[in-house]
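Understanding the architecture of this molecule
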Amino acid sequence: MASYRIALIPGDGVGGEITEEAVRVLEAAADIHSFDVSTETFDWSCDRYLEVGAMMPEDALETLSGFDSIFLGCIGDANKVDDHISLQMLLAIRKGFDQYVNLRPIKLYPGVYSPISTANPETVDILVIRENTEGEYSSNGGIFKRGTPDAVALQTGVFTWKGCERAIRYGFEMARQRNKLGGSPAGRVTNCTKSNALNYSMVFWDEVFDHVAADYSDVETDMALVDALTMWFVKNPDWFDVVVASNLFGDIITDLGAMLQGGMGFAAGGNVNPEKDFPSMFEPIHGSAPKYTGKRVVNPIATIEAVRMMLEHLGEIEAGTQIQTAIATTLGAGEVRTKDMGGSHSTDEMGAAVVTKMREIA
Ligand code: IPM
Ligand code: MG
């Protein structure tokens, strides 16, 4: 029997209550699909920072490396610790474990309302591949002469050929696998760029894109400057299949993507090391919503989606597909709706409803 060890990092704010739903779904999937799962919880958070002066211990990565996967709730509580300090933890795991693909599916389920009027389940099915270890997030720079009239801040983006290539190539592989256009061409990869203004980094990025595209004659390519892309996401979401984007651009367009899929309560992401040299990490991409802590009002669908992605990454494809069907039928039925959906069901009630569906399908 396959068996998986999962590290849970609930984090801050509503992280605890959504992690409970992640565990509920994981355990149900293990039961239904006959695999073993064990979890260990780490209290790495802003509260820990206030107590001992660090979000996570120094040997955190060493500890995590013994796990098959990591589930992350949500990090950050600006009333306790500045975000740029607390969020380093997230970035340190992404970079330290070479999770160079940030996989962000944008899918609108039936029964979910999107504030964008072009969005419906037929038009919204996009996969953003965000480069996740370098680019604008390279943390290279400094602040000089701070507090003086001569203050200077430098934040240098670092784009390596290898770093760009492996993320972009992953995007082309996904387009082939998704086969959204149904054969010839199999799919379409849109290059999210800004080479009209960023005349080094993004010109370089485009060169890598063209280099990789040459290996995939069965995949259509397209290019959109990131500013225009935000417009096209709203106007014609159906045009998009796979989008490859640098770290910062991928960050920005996936919050817009979340609105296409009905809100932050539906958007999940995987920080993936495709070679499986290190554990990958899955998370809802929403924040920690400190004001809702303990109220059990947040929508756990993004969390459940993250668990689905984790199981698929671990090779439990059937379990993943089944969770997706359970989510779709639960949302489609429209009976259970959390606060963000205009309803009054709790986090637990939504989680329980999905699990009930999982068992019905099984
Ligand atoms: C995300 C988040 C993070 C990011 C923040 C919290 C550092 O916005 O995962 O999209 O920018 O990557
Ligand atoms: Mg973001």
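A short tour of the structure in this document, coming up. (Residues numbered from 1 in each chain as written. Chains lettered and ligands numbered in written order. Predicted model: local features only at pLDDT ≥ 70, side-chain atom pairs only at ≥ 80, totals over all residues. Heavy atoms only, no water.)

Here we take up helix 12 (residues 347–361). Relative to the 21 Å expected for 15 residues at 1.5 Å per residue, helix 12 spans 22 Å between its end C-alpha atoms, a close match to the ideal helical length. Of all the positions in helix 12, only Thr347, Met350, Gly351, Ala353, Val354, Val355 and Met358 are classed as buried. Contact partners of the buried residues in helix 12: helix 1 (15–33), helix 10 (301–314) and helix 11 (317–333). (Helix = DSSP H or I, 4+ residues; strand = E, 2+ residues; numbered from the N terminus. Expected span 1.5 Å × (residues − 1). Buried < 20%, exposed > 50% of the residue type's maximum accessible area, 1.4 Å probe, protein only. Contact = heavy atoms within 4.5 Å.)

Moving on, we get to the site of ligand 1. Every residue lining ligand 1 is accounted for by Leu87, Arg94, Arg104, Arg130, Tyr137 and Asp251. Interatomic distance of 2.8 Å between a side-chain N/O atom of arginine 130 and an oxygen atom of ligand 1. The side chain of tyrosine 137 places a nitrogen or oxygen atom 2.5 Å from an oxygen atom of ligand 1. Taking 320 Å² as the accessible area of ligand 1 by itself, protein coverage stands at 76%. Its residues assigned to classes, the shell around ligand 1 comprises two nonpolar, no polar and four charged. (Near = heavy atom within 4 Å. Polar contact = N/O pair within 3.5 Å; in protein donor to acceptor, adjacent residues only side chain to side chain. Areas by Shrake-Rupley, 256 points an atom, 1.4 Å probe, with all protein chains shown as cover. Nonpolar A, V, L, I, M, F, W, Y, C, P; charged D, E, K, R; others polar.)

Quick look at the sheet that holds strand 10 (residues 242–245) now. Pairing is mixed across the open sheet formed by ten strands, whose spatial order is 2-1-3-12-11-4-5-10-8-9. Each edge of the sheet is formed by a strand with only one pairing partner; in this case those strands are strand 2 (36–41) and strand 9 (219–225). Along the sheet, successive strands turn relative to each other by an average axial angle of 20°, direction set aside. When strand 3 (residues 69–74) meets strand 12 (residues 280–284), the two strands line up parallel, connected through three bridges. Each residue of the ladder has a partner; that of serine 69, found in strand 12, is serine 280. Where helix 5 (residues 88–96) meets the sheet, its contacts fall on strand 1 (3–11), strand 3, strand 4 (101–107), strand 5 (125–131), strand 11 (268–272) and strand 12, and the angle it forms with strand 12 comes to roughly 145°. Sitting on the sheet, helix 7 (residues 201–213) is in contact with strand 5, strand 8 (187–193), strand 9 and strand 10, with an inclination near 165° to strand 8. (Pairing = 2+ DSSP bridges. Axes fitted to C-alpha atoms, helices over the stretch in contact; angles between N-to-C directions.)

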